[in-house]
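Observations on the three-dimensional arrangement
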Amino acid sequence: METEVRLAERFDTDRGHLRAVAYRMLGSLDEADDAVQETWLRASRTDIGEIANVTGWLTTIVGRVCLDMLRVRRRRDEELTAEPVASSAPGADPEDEAVLAESVGLALLVVLDTLGPAERVAFVLHDLFAVPFADIAAILERSTVAAKKLASRARRRMHGTPAVPAADLVRQREVVGAFLAASRAGDLEALLAVLAPDVVRRTDRVAPGGEGEVRGARRIAEETLTNTARARVADLALVDGEIGLVVAPRGRLLLVLRVEVDGDRVTAVDVIADPVRLRRLRIALAQSDLR
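Predicted model, so just to flag it, every value in this text is computed and none were measured. (Residues numbered from 1 in each chain as written. Predicted model: local features only at pLDDT ≥ 70, side-chain atom pairs only at ≥ 80, totals over all residues. Heavy atoms only, no water.)

**Some words on the layout of surface pockets**
To find leftover empty space, a probe the size of one water molecule is rolled over the atoms. Heads up, the rule is: Put simply, the grid is 1 Å and covers the protein atoms alone, a cavity is a trapped set of points that fit a 1.4 Å probe, a pocket is an open set with protein on both sides within 12 Å along at least five of seven lines, and lining residues have an atom within 4 Å of a point. Grid points are joined across faces, edges and corners, and a volume is the space filled by probe spheres set on the points. Only DSSP runs of H or I reaching four residues or more are called helices, and only runs of E reaching two or more are called strands; each is numbered from the N terminus. Residues were grouped as follows: Ala, Val, Leu, Ile, Met, Phe, Trp, Tyr, Cys and Pro as nonpolar; Asp, Glu, Lys and Arg as charged; and all remaining residues, including Gly, as polar.
Of the voids in this model, the second largest pocket is the one considered here, and its volume is about 570 Å³. If you trace the second largest pocket, you find 25 residues lining it, with R201, E223, N227, R230 and V271 closest to the centre. Contributions of two or more residues to the lining of the second largest pocket are made by helix 9 (166–185), strand 1 (195–203), helix 11 (217–225), helix 12 (228–232), strand 4 (242–247), strand 5 (255–262) and strand 6 (265–272). A breakdown of the residues in the lining of the second largest pocket according to their chemical character gives 14 nonpolar, six polar and five charged.

**Here we look at the nonpolar core**
Counted only if it meets this: By nonpolar core is meant a set of buried Ala, Val, Leu, Ile, Met, Phe, Trp, Tyr and Cys residues that side-chain atoms within 4.5 Å join together. Per-residue accessibility, obtained with a 1.4 Å probe over protein chains only, is compared with the maximum for each type, and a residue is labelled buried under 20%, exposed over 50%, and partly exposed between these values. The contact rule is simple, with two residues in contact once any of their heavy atoms fall within 4.5 Å.
Judged by nonpolar contacts, the single largest core of 96 residues is most densely connected at W57, L195, V256 and I283. No other element matches the nine residues that helix 3 (residues 54–79) contributes to this core. Ignoring anything within four residues of it in the chain, the contact list for V256 reads V239, L245, V246, D270, V271, I272, L278, L281 and I283.

**A look at the pairing of strand 5**
Spelled out, the test is: Paired strands are those between which DSSP finds at least two bridges.
Where strand 4 and strand 5 come together, four bridges link them in antiparallel fashion. Within strand 5, the position partnered with V246 by the bridge is V256. Pairing geometry for strand 5 and strand 6, over seven bridges, is antiparallel. Within strand 6, the residue paired with V256 across the bridge is I272. Counted along the chain from strand 5 to the antiparallel partner strand 6, the turn is two residues long, and its residue G263 has a positive phi close to 65°.

**Structural notes on the confidence of the model for the protein chain**
Quick note on the threshold: The predictor attaches a confidence to each residue, called pLDDT, with possible values from 0 through 100.
Confidence in the prediction for the protein chain averages 90 pLDDT; 92% of positions are at 70 or higher. When the criterion is pLDDT under 50, residues 81–90 qualifies, and its contacts beyond four places in sequence or with other chains add up to 17 contacts.

**Let's talk about the sheet that holds strand 4**
Note the threshold: Helix axes are fitted only over the stretch in contact, all axes being lines through C-alpha atoms; the angle between N-to-C directions runs from 0 to 180 degrees.
Here seven strands make up an open sheet; going across it, the order is 2-1-6-5-4-3-7 and the pairing mixed. In the strand order of this sheet, the two ends are held by strand 2 (213–215) and strand 7 (283–285), each with one partner. Direction aside, neighbouring strands of the sheet carry axes that sit 30° apart on average. For strand 1 and strand 6, the ladder comprises five bridges, and the chain directions are parallel. Across the sheet, the residue bridging to R202 is D270, located in strand 6.

**Details of the pattern of salt bridges**
Under the convention used in this document: Should a side-chain nitrogen of Lys or Arg be within 4 Å of a carboxyl oxygen of Asp or Glu, the pair is scored as a salt bridge.
All told, the structure shown has 22 salt bridges when counted by the stated rule. One salt bridge connects D12 with R15, and the closest N-O pair in it is separated by 3.5 Å. Here D12 pairs with R15, and both are found in helix 1 (residues 2–26), just three residues apart, close to one helical turn. The partly exposed category is assigned to R15, whose relative accessible area is 37%. With a closest N to O distance of 3.2 Å, D240 and R258 form a salt bridge. In this pair, D240 is assigned in the loop between strand 3 (234–239) and strand 4 and R258 in strand 5, connecting sequence segments 18 residues apart. What you see here is one network of salt bridges that share partners, running through E31, R73, D113 and R120.

Set out below in structure tokens:
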């Protein structure tokens, strides 16, 4: 009875940590809560009297649960022909999940979705939560060396390979970052300052009554300001080796903006929404900070 009480108290203390681990593994708040609940069910069947690090032990359990869920998801996705925009489980609160996704990093969630289940588990547990590779290897049922290789491969995928020199990448980041900040703030003058006079916006999916191509800084700035909600769910990312934007409500990829920069101005914006084109893009993090 004493160990059961101790476990329940420890689990309540660690619930936030376990939820954070599961959310980064699964990218869905509802699925993360399901994983935490399953972790409790599995843990509650064990006598923890001999377990020195209960938090670490619970983390490995949630890791195994998430791995199973990711594998089921991968099999399901392979069986279905669907667009690459994942839907959240029906019970999730959209507002809560949106806030959580933004706090974690929209681009991080998008790029994590490009990893295979074993890579994602190895990367999240080691790089984001400092779980030892020996413990990760046990979860994955592989050797420690294999677990390290999986995390290394995932790390390369997450950070990508820039297609331009470092100085150009820094300049692109500054300009595209200024464009995103002005879009979020609804600041017309700031947008006009960062857009080249003859800037062009192209899109591969045109809404009824819309235009596939728009030219001119003022037209594009005014068009951008009609959809500041989209800017709030956008994040900087490395797109085919150059700085661009991913639009990912609740961490689910919806659009990619490839942004061309000349000097300190945006000269072109290509809005990519076609699922086939989205799948072909190499998307990685635009910065090294991982949350």
